[in-house]
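# Structural overview
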Protein chains: 2
Amino acid sequence: MKVVITGGTGMLGRRLALRILARPELVGSDGTPQEISKLVLFDAFPPVEPPPDDPRVAVVTGDICDRAVVEDLIDADTDAVFHFAAVVSGGAEADFDLGYGVNLDGGRNVLEAARKTGLCPKIIFTSSLAVYGGERSVDDATALTPQTSYGTQKAIGELMVNDYTRKGFVDGRTLRLPTIVIRPGRPNAAASGFASSILREPLQGDPVTNPVDPETRMLILSPRRAVQAFIDVHNADGGTLGMNRSVMMNGISPKIGEMLAALRDYAGDGVADRVRAVPDALVQQIVDSWPWYADGARARALGMEPDASVAEIIDTFVNEELDGEFVS
Amino acid sequence: MKVVITGGTGMLGRRLALRILARPELVGSDGTPQEISKLVLFDAFPPVEPPPDDPRVAVVTGDICDRAVVEDLIDADTDAVFHFAAVVSGGAEADFDLGYGVNLDGGRNVLEAARKTGLCPKIIFTSSLAVYGGERSVDDATALTPQTSYGTQKAIGELMVNDYTRKGFVDGRTLRLPTIVIRPGRPNAAASGFASSILREPLQGDPVTNPVDPETRMLILSPRRAVQAFIDVHNADGGTLGMNRSVMMNGISPKIGEMLAALRDYAGDGVADRVRAVPDALVQQIVDSWPWYADGARARALGMEPDASVAEIIDTFVNEELDGEFVS
């Protein structure tokens with residue numbers, strides 16, 4: 001099968017690529033796992049981390065806002081598109097036009113290009129718990145009341161995925177993600193980025209600031225569990241999903257203070273003492289609009305599991321990203 | 001004050017225009033009712049009914065999908081825009097691209113043009129109970145799960161109105177309308193159009209078919225009450241509305257059979273016998289996705305009242321549109 005990943009050289013895109021190249025996991029129309037014959041990694045920027053060294057991989061750099069570029073990308077051979085390309089929350093809040101361009105028009109370009117093939121390919125759309133707003137606890141039936149431009153654009157994308165699927169133009173599925181922690185690499189413009197930084201930087205020997213109140217909770221999910229969730233949503237039976245194509249992924253909900261305590265337990269005082277509290281009202285305000293608790297019955301029914309603990313998340317990061325060694 | 005009405009020569013647009021020209025009702029920034037100094041009626045088509053004969057009125061014909069046209073329309077003198085222009089439900093279902101063009105891109109053009117003035121004008125956006133789907137009863141907190149393209153596009157518009165308002169680009173307000181009954185004039189492409197036709201045509205001496213089961217309920221509101229609701233939403237205190245700018249209007253919920261019985265009571269057997277049952281599965285399917293009962297606490301708190309009865313709706317139509325005389 002041919003798979004396209006937009007945002008394919010980014011953190012989740014690259015990890016999904018490595019995973020599905022390694023062994024057949026995405027099911028085809030007959031329900032059995034298929035070998036990848038071609039994997040296109042599309043991104044706005046040239047790769048920072050090296051792309052997978054595999055003859056089936058092609059890296060394409062281009063603008064998701066350009067309809068013609070996206071129509072070239074998603075051709076009649078394409079079986080599935082994982083759509084990760086996005087301007088993240090802080091970025092969409094800072095640059096209103098860029099956010100609507102990439103997140104709304106870019107998503108629409110993906111749906112339109114897929115529709116144009118006439119072959120109803122699978123589209124796996126990435127959404128976020130930022131589609132909610134002002135609710136402490138959310139479930140699959142909670143109204144989407146986003147309080148950021150990013151959340152608004154993701155909610156709009158979910159609505160379009162449902163409508164294009166209902167019309168038979170695509171076989172769309174949306175995965176609504178908690179905050180991904182621990183993101184490897186450098187900080188990005190996501191308002192949620194600090195939740196990774198406060199664990200990642202100290203483990204790598206660097207000082208870091210924590211911008212939010214330690215009593216603030218965050219719904220978090222590791223990159224490894226997120227990649228698994230994308231595979232699960234791709235493989236889910238469409239009839240079971242029904243007209244609502246959105247699956248809200250569950251996460252764990254530690255307080256920021258509990259995340260820092262888990263870091264101290266795991267890595268010791270020398271590491272944990274690299275975190276310094278520097279409250280940032282803007283970040284706090286954005287994070288306060290996100291839910292603390294998610295009860296996703298649809299995800300559970302699909303067998304999609306969150307992480308067991310913050311300790312597990314830290315240990316996975318250290319083993320997968322730091323070759324098992326943190327800077328004590 | 002200068003007011004722009006898109007879809008301004010249509011049924012609701014024209015009636016709102018006549019109403020606000022007749023006496024000052026729209027409040028200005030100081031909270032007092034203002035005289036209309038200029039009223040622009042924008043529409044895709046030349047007027048069918050004559051526009052109001054008033055020197056303050058300008059009729060402009062153009063394409064809401066053309067950003068430049070909309071930027072000319074909404075200038076720095078514009079205090080308020082009532083955005084009625086839309087492809088209705090049956091039309092948006094039949095022509096997917098036209099629906100997204102007019103209902104999504106057209107709405108976005110209105111918001112962008114208003115934003116470009118830098119003066120945060122009022123935008124009153126028209127939505128519909130078609131934003132819901134599959135719920136028998138809805139209230140202000142019910143999730144928007146549209147099951148038509150029209151409902152999807154209206155839900156997207158509501159999200160954008162909230163976001164543009166939050167950013168301070170416009171002072172947006174959305175009125176979510178039940179089905180308007182009795183629409184005067186000829187049938188339009190709305191899937192709900194039959195609900196007017198089954199009363200209107202017999203009163204005017206014409207035979208008509210009823211496409212849905214008499215046990216089907218519809219949430220309905222008269223044109224007169226709808227015009228009042230638009231004025232009420234325009235005049236509502238923005239601080240009271242908060243971040244959620246959508247106001248779900250209440251209606252009454254007769255069964256189709258009860259509507260026909262009310263027609264028989266009001267106008268006699270000769271009129272009521274002009275209705276013939278001819279079930280239409282497509283219309284039934286669309287209508288079945290709409291809610292039967294609405295409990296809009298926000299609308300009630302703003303003092304917005306639905307009609308008292310089907311009899312009142314019929315009587316108002318006969319008096320306002322038929323000069324008090326129906327064809328018995």
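Just above sits the structure.
This section reports on the structure supplied with the text. Predicted model, so just to flag it, every value in this text is computed and none were measured.

## Observations regarding the overall build of chain A
When helices and strands are counted, chain A shows 13 helices and 13 strands. Computed over the C-alpha atoms, the radius of gyration of chain A is 19 Å, within 12% of the 20 Å expected from 2.2 N^0.38 for a compact globule of 328 residues. Projected onto its principal axes, the C-alpha coordinates of chain A cover approximately 55 × 40 × 40 Å. Classification of the 328 residues of chain A by burial places 51% in the buried group.

## As for the interface of chain A and chain B
Facing the 19 residues of chain A at the interface are 18 residues of chain B. Tallying contributions element by element places helix α5 (residues 149-166) of chain A first for the side of chain A that touches chain B, with 8 residues. A breakdown of the residues in the side of chain A that touches chain B according to their chemical character gives 10 nonpolar, 6 polar and 3 charged.

## A few points about unusual backbone geometry
All names here are of chain A. With an omega of 10°, the peptide bond between Val-181 and Ile-182 qualifies as cis. Not every positive phi belongs to a glycine, and Asp-323 is a case in point at roughly 50°. Take Asp-323: it is sitting in the segment after α13 (310-321).

## Regarding the sheet that holds strand β7 (residues 171-177) of chain B
Backbone-to-backbone hydrogen bonds join strands into a sheet, with any given pair of strands oriented parallel or antiparallel. Residues and elements named next belong to chain B. Judged by pairing direction, the sheet is parallel, and its 7 strands sit side by side in the order β3-β2-β1-β4-β5-β7-β11 without closing on themselves. Strand pairing shows two members of the sheet lacking a second neighbour, β3 (57-61) and β11 (246-248), which therefore form its edges. Taking the axes of each pair of neighbouring strands and ignoring which way they run, one obtains an average angle of 15° across the sheet. Bridge count for β7 against β11 is 3 bridges, and the pairing is parallel. Residue Arg-176 lies in a different strand from β11, and its bridge partner there is Met-248. Across the sheet, helix α5 (residues 149-166) lies against β5 (122-128), β7 and β11, angled at about 155° from β5, the strand it touches most.

## A word on the relation of the copies chain A and chain B
For the pair chain A and chain B, the best superposition has an RMSD of 0.0 Å and corresponds to a rotation of 180° with a translation of 0.0 Å parallel to the axis. With respect to symmetry, the two chain copies, as superposed, fit the operation of a two-fold axis. In terms of C-alpha distance to the rotation axis, chain A has Ala-143 of chain A as its closest residue, with the C-alpha 1.9 Å off the axis. Comparing interface residues between copies, 95% of those in chain A also sit at the interface in chain B, which points to an isologous, same-surface contact.

## Here we look at α5 of chain B
With 18 residues, α5 of chain B extends 26 Å between its outermost C-alpha atoms, agreeing within 8% with the 26 Å of an ideal straight helix rising 1.5 Å per residue. Taken from the residues just after α5 of chain B, Gly-168 of chain B is the one with a positive phi, measuring 80°.

## Let's talk about helix α1 (residues 11-22) of chain B
Residue and element names in this part refer to chain B. With 12 residues, α1 ought to run about 16 Å at 1.5 Å a step, and its terminal C-alpha atoms sit 17 Å apart, in line with that. What α1 keeps buried is the set Leu-12, Gly-13, Arg-14, Leu-16, Ala-17 and Ile-20. Elements in contact with the buried residues of α1: β1 (2-6), β2 (38-43), β4 (78-83) and α7 (223-235).

## Focus on the packing of helix α1 (residues 11-22) of chain A against helix α7 (residues 223-235) of chain A
Residues and elements named next belong to chain A. Viewed as axis vectors pointing N to C, α1 and α7 meet at an angle of 65°, and their least axial separation amounts to 10 Å. When the axis of α1 is compared with that of α7, the two are roughly perpendicular. Where α1 crosses over α7, the handedness of that crossing is right-handed. In contact with Met-11, Leu-12, Arg-15, Leu-16 and Arg-19 of α1, α7 contributes Pro-223, Ala-226, Val-227 and Phe-230. Of the residues belonging to the contact of α1 with α7, the class tally is 7 nonpolar, no polar and 2 charged.

The rules behind these values
Residues numbered from 1 in each chain as written. Chains lettered and ligands numbered in written order. Predicted model: local features only at pLDDT ≥ 70, side-chain atom pairs only at ≥ 80, totals over all residues. Helix = DSSP H or I, 4+ residues; strand = E, 2+ residues; numbered from the N terminus. Rg over C-alpha atoms; globule rule 2.2 N^0.38 Å. Buried ≥ 20, exposed ≤ 12 C-beta atoms within 10 Å, placed from the backbone. Contact = placed C-beta atoms within 7 Å. Nonpolar A, V, L, I, M, F, W, Y, C, P; charged D, E, K, R; others polar. Pairing = 2+ DSSP bridges. Axes fitted to C-alpha atoms, helices over the stretch in contact; angles between N-to-C directions. Least-squares fit on C-alpha atoms with pLDDT ≥ 70 in both. Expected span 1.5 Å × (residues − 1). Parallel < 35°, antiparallel > 145°, perpendicular 65-115°, else oblique. Left-handed = near helix turned anticlockwise from the far one by under 90°.

Note that every value here comes from positions in space, so none of it alone points to a role or purpose.
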